[in-house]
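# A closer look at the structure
Given next are the chains, with one letter for each unit.
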Amino acid sequence: MSATADPADKSNPAYRLGFEPGQIVQELGYDEDTDQDLREGIEEITGAELVDEDYDDVADAVVLWHREEDGDLTDALVDAQEYLAEGGLIWLLTPKTGRDGHVEAHEINDAAQTAGLSQTSSVTVAKDWAGTRLATPKAAAKSGKR
């Protein structure tokens with residue numbers, strides 16, 4: 001990991017997530033199937049290691065790995081907001097269509113709305129993972145979305 005890495009390095013799989021140097025990113029839902037290249041890419045961009053669920057300070061963003069069998073998505077999204085800074089974002093990472101643990105798009109949308117979040121974009125972030133960018137109401141208002 002290099003704190004001087006170029007955050008605009010497009011070969012970095014995390015580039016599409018929009019992280020910036022100096023951000024604190026909390027990772028939830030880590031398991032053996034998470035994408036290590038993506039994790040390392042986030043750390044390279046931010047210049048800091050990902051913090052886990054035991055982190056008890058404010059984070060600029062949350063990366064939530066979630067699979068269908070992980071339980072209630074709405075609860076996970078509500079919990080993910082606990083230490084999220086005002087205007088912070090949640091990147092919900094779910095297995096792609098056809099992969100074990102895939103979560104349907106309508107389920108993500110319903111859970112996000114129930115948790116008080118706005119879905120702002122979706123991207124492919126890794127070979128087996130798709131990312132959904134979820135904003136808190138204040139972050140959504142800043143970006144012109146509601």
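Residues numbered from 1 in each chain as written. Predicted model: local features only at pLDDT ≥ 70, side-chain atom pairs only at ≥ 80, totals over all residues. Heavy atoms only, no water.

Moving on to the sheet that holds strand S4 (residues 118-124). If you trace the five strands from one edge of the open sheet to the other, you get S1-S2-S3-S5-S4, paired in mixed fashion. Strands at the two margins of the open sheet, each flanked by one partner only, are strand S1 (25-28) and S4. Adjacent strand axes in the sheet meet at a mean angle of 20 degrees when their direction is disregarded. Most of the contacts of helix H2 (residues 73-80) go to strand S3 (residues 84-95), to which it runs at about 145 degrees, and overall it touches S1, strand S2 (59-65), S3 and strand S5 (129-135). (Pairing = 2+ DSSP bridges. Helix = DSSP H or I, 4+ residues; strand = E, 2+ residues; numbered from the N terminus. Axes fitted to C-alpha atoms, helices over the stretch in contact; angles between N-to-C directions. Contact = heavy atoms within 4.5 Å.)

With that settled, the discussion passes to the packing of aromatic side chains. The geometry of an aromatic ring pair is captured by the separation of the ring centres together with the interplanar angle, meaning the angle of the planes. Applying the stated criterion across every chain, the model contains one aromatic pair. Ring geometry for Trp 65 and Trp 129: centres 4.7 Å apart, planes at 80 degrees, overall edge-to-face. Separated by 64 residues along the polypeptide, Trp 65 in strand S2 and Trp 129 in strand S5 bring together distant segments of the chain. Residue class for Trp 65 comes out buried when judged on its relative accessible area of 1%. Exposure remark for Trp 129: the relative accessible area of 3% places this residue in the buried category. (Phe/Tyr/Trp six-rings, centres within 6.5 Å; stacked < 30°, edge-to-face > 60°. Buried < 20%, exposed > 50% of the residue type's maximum accessible area, 1.4 Å probe, protein only.)

A few words on a negative patch on the surface. A cluster of acidic side chains, namely Asp 31, Glu 32, Glu 68, Glu 69, Asp 100, Glu 104, Glu 107 and Asp 110, defines a negative patch on the protein surface. Within the secondary structure layout, Glu 32 lies in the loop between S1 and helix H1 (36-46). (Patch = residues over 30% accessible without salt bridge, like charges linked within 9 Å, V, L, I, M, F, W, Y side chains within 5 Å. Areas by Shrake-Rupley, 256 points an atom, 1.4 Å probe, with all protein chains shown as cover. Salt bridge = Lys/Arg side-chain N within 4 Å of Asp/Glu carboxyl O. Lys, Arg positive; Asp, Glu negative; His and termini not counted. Charge placed at Lys NZ, Arg CZ, Asp CG, Glu CD.)

Let us look at the side chain of Gln 26. You can see Gln 26 is positioned in strand S1. The class for Gln 26 is buried, based on a relative accessible area of 3%.

Looking at where Thr 34 falls in the secondary structure, it is placed in the loop between S1 and H1. Distance from Thr 34 to Trp 129, taken between C-alpha atoms, is 8.5 Å for residues 95 residues apart in sequence. Ignoring any residue separated from it by four or fewer positions in sequence, one finds Thr 34 in contact with Gly 29, Arg 39, Trp 65, Arg 67 and Trp 129. For Thr 34, the side chain forms a polar contact with the main-chain oxygen of Asp 31, separated by 2.9 Å. (Polar contact = N/O pair within 3.5 Å; in protein donor to acceptor, adjacent residues only side chain to side chain.)

Taken together, the six bridges between S4 and S5 define a ladder with antiparallel strand orientation. Of the residues in S5, the one forming a bridge with Ser 121 is Arg 133. Connecting S4 to the antiparallel partner S5 that follows it, the hairpin turn spans four residues.

Here the chain averages 89 in pLDDT, and 87% of its residues register 70 or above. Note that pLDDT drops below 50 for residues 1-5; the model gives that stretch eight contacts with residues more than four away or on any other chain. (pLDDT = per-residue confidence, 0-100.)

The next thing to look at is H1. Within H1, burial applies to Leu 38, Arg 39, Gly 41, Ile 42, Glu 43, Ile 45 and Thr 46. Where H1 is buried, its residues meet S1, S2 and S3. Two or three places before Asp 37, at the start of H1, stands the capping residue Asp 35, its side-chain oxygen 3.2 Å from that residue's backbone nitrogen. Phi for Gly 47, located one or two positions after H1, is positive at around 80 degrees.

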